[in-house]
Amino acid sequence: MPELNLTSAPAHLRHGSSIGQPLTRRDGVLKVKGQATYAADNHPPGMLFAVIAASSIAHGRVTSLDVAAAKRHPGVVEVMTPDHKPQLAIDPEIKTNPFVFRMEVLQSNEVRYANQPIAVVIAETLEAATEGAVLLAPRYETLPALVGLDAGKSYVPPVVGVGNPTENHLGDVDAGLAAADKKIDAIYETPAQYHNAMEPHAIVAHWDGDRLQIDMPTQGLMLSLARVAELFGIAHDKIHIRSPFLGGGFGSKGLMAGPPALGIMAAKLVGRPVKLVLRREQMYGPVGHRAPTRQRLRIGADVEGRLTALDHHARTVSSTFDDFYEPAADASHTLYAAPAIRTSHDAVRVNTGTPLFMRAPGEATGSIALESAIDEMAWTCGMDPLAFRLKNYAEVEPITGKPFSSKALRACYDQGAARFGWAKRSLQPRQMRDDAGLLVGWGMGTATFPALMFQAQARAVIRRDGSGAMEIGAHDMGQGAWTALAQIAADELGLDIERVEFKAGSSDLPDAGIAGGSAHTATAGAAIHSAGAAVIAKLADLATGDERSPLFGAGNTGVIARDGRLIRRDDESRGESYTEILARAGVAEVEARGTGAPNPAAMEEYAMHAHGAVFAEVKVDPELGQIRVTRMVGAFAAGRIVNPHLVKSQLFGGMIWGLSFALHEEAITDRRSGRIMNANLGEYHIPVNADVPPLDVITVEEHDPHVNALGIKGVGEIGITGSAGAVANAVWHATGVRVRRFPIRIEELLTQR
Amino acid sequence: MKQFEYVRPATVAEAIAAAAQPGATYLAAGTNLLDLMKGNVSRPDRLVDVTHLDGLDQIERLADGSLRIGALVGNADLAHDAEFAKAYPAVAEALLAGASAQLRNAATVGGNLLQRTRCAYFYDTASRCNKREAGSGCDARDGENRTHAVLGWSDSCIATHPSDFCVPLVALDAVVEIEGRGGRREIALDELHRLPGNTPERESVLAPGDLIVAVRLPAAARGFAAHARYLKVRERTSYAFAIVSAAAALRIENGKIAEARLALGGVAAKPWRARAAEDVLKGVAPTADAFQEAAWRALADAKPSGDNAYKIELARRIVVRALTLAAAGTPARIPALPASPFASTSGAIHA
């Protein structure tokens, strides 16, 4: 990989604080010129192409593969099958930790879901490998496929999400419902959805003796490295993974899945570098997805519209061989101040690839159901949906009783509603029309996402030439880590961003944890903060302890790092440059390491969440049922905003995802075969530009002294929550038809004229 | 990918000879064929690339007042031809409602006529499909079929023809010029595509080697320019096939409909000309009641082929709307969201 040539437009060169500045992304020029090297852009000498043959049945076993026919095809070098493959060091079915998922790496002839890898063809060209995979002409013994939310006997999983309790209780829900003046009891369904990152999962694997070089997009460099190490029985320091850019991940590139492992196995089998890239339809199976849900919400309220009880139950699915449960009902823990709350989950097993984290896992599915139900409850109480939400505003986190570390949701409601013009909304549905006679509806939803922190390390350097470096194995999925984290690094090192060499995206750098849970900027940023403070402290020691320095003796007063200089905190006229300090000390550079981690004491004391309010306008053709979102306003409070420009882009993306959730996205599974019938971007609908209205994002000022040293809450996922419900509620307000199955289809709106 | 022969004939005669061989198929822009090949749905032995043939990319006004559109004219080029859009506004609107801007730039007039169905079971090679493999069965029949045919389907096949372009063309009595081994011939576009019956694998009346060289719109087609619209209901604003679409064209004289043309898309294995509906509109005033009656006539023979009964009611409503829009008059400019129920909403730049 050539040195990255990151740039900033001259207009964005700044002095003083970098944090808070709307820098454009520093990798932008590389990307628009096609010079950003994604994993599949690597072509080491002698590289072969590997193509997966995927199962067309969802359950059964492979009884034959015509390996000879594939091998006869010109250009085919090898065919890797369960009978002919390198041995792994451990059984891939063993879960060595909770972040390990069972994967299909040709360990048997058994088929557990459609699109499961059943062989790998390795050839001199992509075309030859592709045809070789066809010529395998697999035969199967097919068993009945388990499909859908009623596929079999339900059970209560031990945990949902990442170790969340399956059930939670506060107060007496049954008593609360019994005492309620108004009640609703409604069932909402959400479909299976697939991450569909623009960049398919890809790997270029290159064995050099016992060393392994990997190019692979990953949201978790060290998690992936550890999994590769245990699968192949090699030491961590023999493996190098490069992942400078991801073309989206959304959770599907967080954990090592089967296909990249097959690429490494293929390279081992043939003794040459191998590239393996999933075809689009092959992403619908082995690399995770969002499980479908069926959610029942029972809500009670008193005569004044105060909640008396909130009962949220979610049915979901997992695979027949592993466990991941979409924690949809947990969305009801934090938002509304019901005195009695019960959340619970159950599941059935189906013939599917194991579900996984997908952008706002649980929060997105739970939010569209909860926000729809709250909207229904407001209507039942005869109240404006915003007034109803304010009436039930949670001053402390309902399920735990803990105070919030910060919560500017009221300001989000106020600012969002004002910008949208919510006050002019009619209470009754189907009251508003535009000049062309189209039905107009306004809906809203509350957004929320937990402010999480993981663990990360960083290494900071200050050099005698006055420049600095910050090294951290962070991940840029497109969200802008190359820019936002470099801004934090610049401030922590007291340098202009152009004077900081920021290194990321490689496993030989300090562990940055994972880019997930909307926590990467907070976590990696905290590590950068800590490393920067440590290296500045070392530099300060050199100066304040040296009587030749104008800073001599300032140790107790303290110094400030700014513009490549240290200056006395109590007398800014006294200071000297980093270059002067290091030159006099006769050292080339000083370096220090730092760690970012959650603060258990603060977590014990406070509930930590980002919040927001989303307002949507839809128009619906009264006869034809076609829906169009015409306006969206989102106001979000997510602590400190490192780069407003990138944050707005993140929130735009989330809001569009919410629109997509309400109106477009759905994996259509054949009810008999268990095959996904729309595994391509032509038929798996996401919004196109023409579906996306002008979006308005307000970032609401919020100071949070508790979440982490930088006060960052994260914005990667919250934009989906609230938005999906807002669009769904707007459709109801436009039409008077409450659709509880998502995405909302045209035929549901044809019932009424 | 299967290895195949690629030939680039210099003349139409050479092309016909090359494409008449078993396993050969014509390649124009490939916007559908290449996807089918990548998906292993089509496995031709030979591609006969016609994109370099001379003289097939012209739009000509003929002496008799008809318009001849060469088969290699690009969809976008045709739609953006100002004179064409003025004379045949519903056709231009349909073209601009199809696919995406990128696909329209590549796709050709001839190729559009011969695009294959979008039935998911046709594309899924593990499913049974009588169209893809004659006699294998139809997994769509009891499968996920909410967008499938409601007219002209059979137990062998419930797929629909996906073209937008063909819908106003068939309404306007377009004629297809064909060169084949037996020389040149022409047929009505309405006769090009076959209904499935027991042989859904035979999608058109073309014989091996037949090459569509032009589409002709007769002189009378211009007579509808003042009252012609295309309307398409779909699941997103662009880059989605019609659930149901309709082309409506009226010739209004002295407040009465002198002649009506109506065709439906997304409802059958061919663009569906609704002649019975046209008949009831002839000579009557363009009223809501008349349009309702026409809609009932247009869908009189419709029946669900699966979870798609709603498409019949939707089609009726689309017919009424399309006729209403046509009666109101062709807009001076094609809307930014062509053929969309939201064509009248502001804010969009283009779809």
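Residues numbered from 1 in each chain as written. Chains lettered and ligands numbered in written order. Predicted model: local features only at pLDDT ≥ 70, side-chain atom pairs only at ≥ 80, totals over all residues. Heavy atoms only, no water.

### Description of the overall build of chain A
Step number 1: Looking only at helices and strands, one finds 15 helices and 29 strands in chain A.
Step number 2: Here the C-alpha radius of gyration of chain A, 27 Å, is about what a compact globule of 753 residues would show, namely 27 Å.
Step number 3: Overall size of chain A, expressed as C-alpha extent along the three principal axes, is 85 × 70 × 50 Å.
Step number 4: Sorting the 753 residues of chain A into buried and exposed places 63% on the buried side.
Step number 5: Sequence separation of at least 24 residues holds for 80% of the intrachain contacts in chain A that already meet a minimum separation of 6.
Step number 6: On chain A, roughly 26,200 Å² of surface is accessible, and the fraction owed to carbon and sulfur atoms is 52%. (Helix = DSSP H or I, 4+ residues; strand = E, 2+ residues; numbered from the N terminus. Rg over C-alpha atoms; globule rule 2.2 N^0.38 Å. Buried < 20%, exposed > 50% of the residue type's maximum accessible area, 1.4 Å probe, protein only. Contact = heavy atoms within 4.5 Å. Areas by Shrake-Rupley, 256 points an atom, 1.4 Å probe, with all protein chains shown as cover.)

### Some points on the sheet that holds strand 11 (residues 202-208) of chain A
Residue and element names in this part refer to chain A.
Step number 1: Spatial strand order, 3-5-1-14-11-12-13: seven strands in an open sheet with mixed pairing. If you trace the sheet from one side to the other, it starts and ends with strand 3 (76-80) and strand 13 (239-242), each paired once. If you compare each strand with its neighbour and ignore which way they point, the axes differ by 20 degrees on average.
Step number 2: The sheet contacts of helix 5 (residues 221-232) involve strand 11, strand 12 (211-215) and strand 13, and relative to strand 13 the element is tilted by about 140 degrees.
Step number 3: Strands in contact with helix 6 (residues 258-270) are strand 1 (48-54), strand 3, strand 5 (117-123), strand 11, strand 12 and strand 14 (274-277); relative to strand 11, the strand with the most contacts, it is inclined by about 35 degrees. (Pairing = 2+ DSSP bridges. Axes fitted to C-alpha atoms, helices over the stretch in contact; angles between N-to-C directions.)

### What to know about the interface of chain B and chain A
Step number 1: At the interface, 46 residues of chain B touch 42 residues of chain A.
Step number 2: Approximately 3,700 Å² of surface area, both sides summed, lies buried where chain B meets chain A, with 51% of it carried by carbon and sulfur atoms.
Step number 3: When the buried surface of chain B facing chain A is broken down by residue, Arg236, Arg317 and Phe342 of chain B rank first, second and third, together holding 21% of it.
Step number 4: Here chain B and chain A share seven salt bridges between them.
Step number 5: Among the salt bridges present, the one from arginine 671 of chain A reaches aspartate 307 of chain B, with a minimum N-O distance of 3.1 Å. (Buried area = accessible area lost by both parts, 1.4 Å probe. Salt bridge = Lys/Arg side-chain N within 4 Å of Asp/Glu carboxyl O.)

### A word on unusual backbone geometry
All names here are of chain A.
Step number 1: The amide bond that connects phenylalanine 742 to the next residue, proline 743, takes the cis arrangement and shows omega of 0 degrees.
Step number 2: Relative to the helices and strands, proline 743 resides in the segment after helix 15 (723-735).
Step number 3: Not every positive phi belongs to a glycine, and asparagine 115 is a case in point at roughly 75 degrees.

### Quick look at a nonpolar patch on the surface
Step number 1: A cluster of nonpolar side chains, namely Phe99, Val162 and Leu223 of chain A, defines an oily patch on the protein surface of about 220 Å² accessible area.
Step number 2: Here phenylalanine 99 of chain A shows up in the loop between strand 3 and strand 4 (110-111). (Patch = residues over 30% accessible without salt bridge, like charges linked within 9 Å, V, L, I, M, F, W, Y side chains within 5 Å.)

### Some words on the nonpolar core
Residues and elements named next belong to chain A.
Step number 1: Grouped together as the largest cluster of nonpolar side chains are 85 residues, with contacts concentrated most on Ile299, Val618, Met632, Leu663 and Ile744.
Step number 2: Excluding its chain neighbours within four sequence positions, the residues that come into contact with methionine 632 are Val614, Phe615, Ala616, Met655, Leu659, Pro693, Pro694, Leu695, Asp696, Ser723 and Val727.
Step number 3: In terms of nonpolar packing, the next biggest core, distinct from the first, is built from 53 residues, Ala458, Ala486, Ala524 and Ala540 among them. (Core = buried A, V, L, I, M, F, W, Y, C linked by side-chain atoms within 4.5 Å.)

### Comments concerning the sheet that holds strand 9 (residues 228-233) of chain B
Residues and elements named next belong to chain B.
Step number 1: One open sheet holds the four strands; their spatial order is 9-10-11-12, and the pairing between them is antiparallel. The sheet is open, and its two borders are formed by strand 9 and strand 12 (272-273), each paired with just one other strand.
Step number 2: Across the sheet, helix 12 (residues 310-328) is in contact with strand 9, strand 10 (244-253) and strand 11 (256-265); its angle to strand 10 comes to roughly 35 degrees.

### Quick notes on the packing of helix 10 (residues 481-493) of chain A against helix 11 (residues 520-544) of chain A
All names here are of chain A.
Step number 1: For the pair helix 10 and helix 11, interaxial distance at closest approach is 8 Å and the crossing angle is 20 degrees. It follows that helix 10 is roughly parallel to helix 11 by the angle criterion. As helix 10 packs across helix 11, the resulting crossing turns out to be right-handed. Residue-level inspection shows Leu485, Ile488, Ala489, Glu492 and Leu493 of helix 10 in contact with helix 11, the latter providing Thr521, Ala524, Gly525, Ile528, His529, Gly532, Val535 and Ile536.
Step number 2: Among the residues forming the contact of helix 10 with helix 11, the class breakdown is eight nonpolar, four polar and one charged. (Parallel < 35°, antiparallel > 145°, perpendicular 65-115°, else oblique. Left-handed = near helix turned anticlockwise from the far one by under 90°. Nonpolar A, V, L, I, M, F, W, Y, C, P; charged D, E, K, R; others polar.)

### Notes on the pattern of salt bridges
Residue and element names in this part refer to chain A.
Step number 1: With the rule as written, the count across this model stands at 84 salt bridges over all chains.
Step number 2: Between aspartate 696 and arginine 419 there is a salt bridge, and its shortest N-O distance comes to 2.9 Å. Here arginine 419 lies in helix 9 (residues 409-420) and aspartate 696 lies in strand 29 (residues 695-699), a separation of 277 residues in the sequence.
Step number 3: In this structure, the salt-bridge partner of lysine 503 is glutamate 501, at a minimum N-O distance of 3.8 Å.
Step number 4: The structure contains a network of salt bridges with shared partners spanning Arg459, Arg463, Glu471, Glu501, Lys503, Glu589 and Glu591.

### Some words on the confidence of the model for chain A
Step number 1: Averaged over all residues, the pLDDT of chain A equals 96, while 98% of them reach at least 70.
Step number 2: Long-range and interchain partners of residues 10-15 of chain A, a stretch whose pLDDT sits below 50, account for nine contacts in this model, where long-range means more than four residues apart. (pLDDT = per-residue confidence, 0-100.)

### Considering the state of the cysteines
Residues and elements named next belong to chain B.
Step number 1: For the coordinates displayed, the defined rule picks out zero disulfides over all chains.
Step number 2: No disulfide involves cysteine 138; its nearest neighbouring cysteine sulfur is the one of cysteine 157, lying 6.0 Å away.
Step number 3: For cysteine 138, a relative accessible area of 16% gives the class buried.
Step number 4: Note on cysteine 166: no disulfide assigned, nearest cysteine sulfur contributed by cysteine 157 at a separation of 17 Å. (Disulfide = S-S within 2.5 Å.)

### Side note on the pairing of strand 2 (residues 24-27) of chain B
Residues and elements named next belong to chain B.
Step number 1: Across four bridges, the pairing between strand 2 and strand 3 (residues 46-49) is parallel. The residue of strand 3 that forms the bridge with leucine 27 is aspartate 49.
Step number 2: The parallel pair strand 2 and strand 3 is bridged by helix 2 (residues 33-38), and the resulting crossover is right-handed. (Right-handed = clockwise from strand over helix to strand, strands pointing away.)

### Section: the side chain of serine 18 of chain A
Step number 1: Its location among the elements puts serine 18 of chain A in the segment before helix 1 (28-32).
Step number 2: If we ignore the near neighbours within four places in the chain, the residues touching serine 18 of chain A are Gln487, Ala490, Asp491, Ile497 and Val642 of chain A.

### A closer look at the pairing of strand 5 of chain A
Residue and element names in this part refer to chain A.
Step number 1: Taken across its seven residues, strand 5 has seven buried, putting it largely inside the fold.
Step number 2: Note: strand 1 against strand 5, six bridges, orientation antiparallel. In the strand pairing of strand 5, alanine 53 is matched with alanine 119.
Step number 3: Across four bridges, strand 3 lies against strand 5 in antiparallel orientation. Of the residues in strand 5, the one forming a bridge with valine 79 is valine 121.

### Details of the environment of alanine 246 of chain B
All names here are of chain B.
Step number 1: Residue position: alanine 246 is located in strand 10.
Step number 2: C-alpha separation for the pair alanine 246 and alanine 24, spaced 222 residues apart in sequence, amounts to 34 Å.
Step number 3: In contact with alanine 246, other than residues within four places in its own chain, are Val167, Arg229, Tyr230, Leu231, Ala263, Leu264, Ile318 and Ala322.

### Let's talk about helix 12 (residues 578-585) of chain A
Structurally, the α-helix is built with 3.6 residues per turn, so residues lying three or four positions apart point the same way.
Residues and elements named next belong to chain A.
Step number 1: Turning to helix 12, its buried residues are Tyr578, Ile581 and Leu582. Each buried residue of helix 12 lies within a common arc of 90 degrees when the element is viewed along its axis, so the set occupies one face.
Step number 2: Two residues or fewer after helix 12 comes glycine 586, characterised by a positive phi angle close to 70 degrees. (Arc of directions from axis to C-beta.)

### Remarks on the packing of aromatic side chains
Between two aromatic rings, the relevant description is the distance of the centres plus the angle of the planes.
All names here are of chain A.
Step number 1: Under the counting rule described, the total for this entry stands at 19 aromatic pairs over all chains.
Step number 2: Seen from their ring centres, tryptophan 207 and phenylalanine 232 are 5.8 Å apart, and the 65 degrees between their planes marks the pair as edge-to-face. Residue tryptophan 207 is located in strand 11, and its partner phenylalanine 232 is located in helix 5; the two are separated by 25 residues in the primary sequence. As far as the burial class goes, tryptophan 207 and phenylalanine 232 line up, both buried. (Phe/Tyr/Trp six-rings, centres within 6.5 Å; stacked < 30°, edge-to-face > 60°.)

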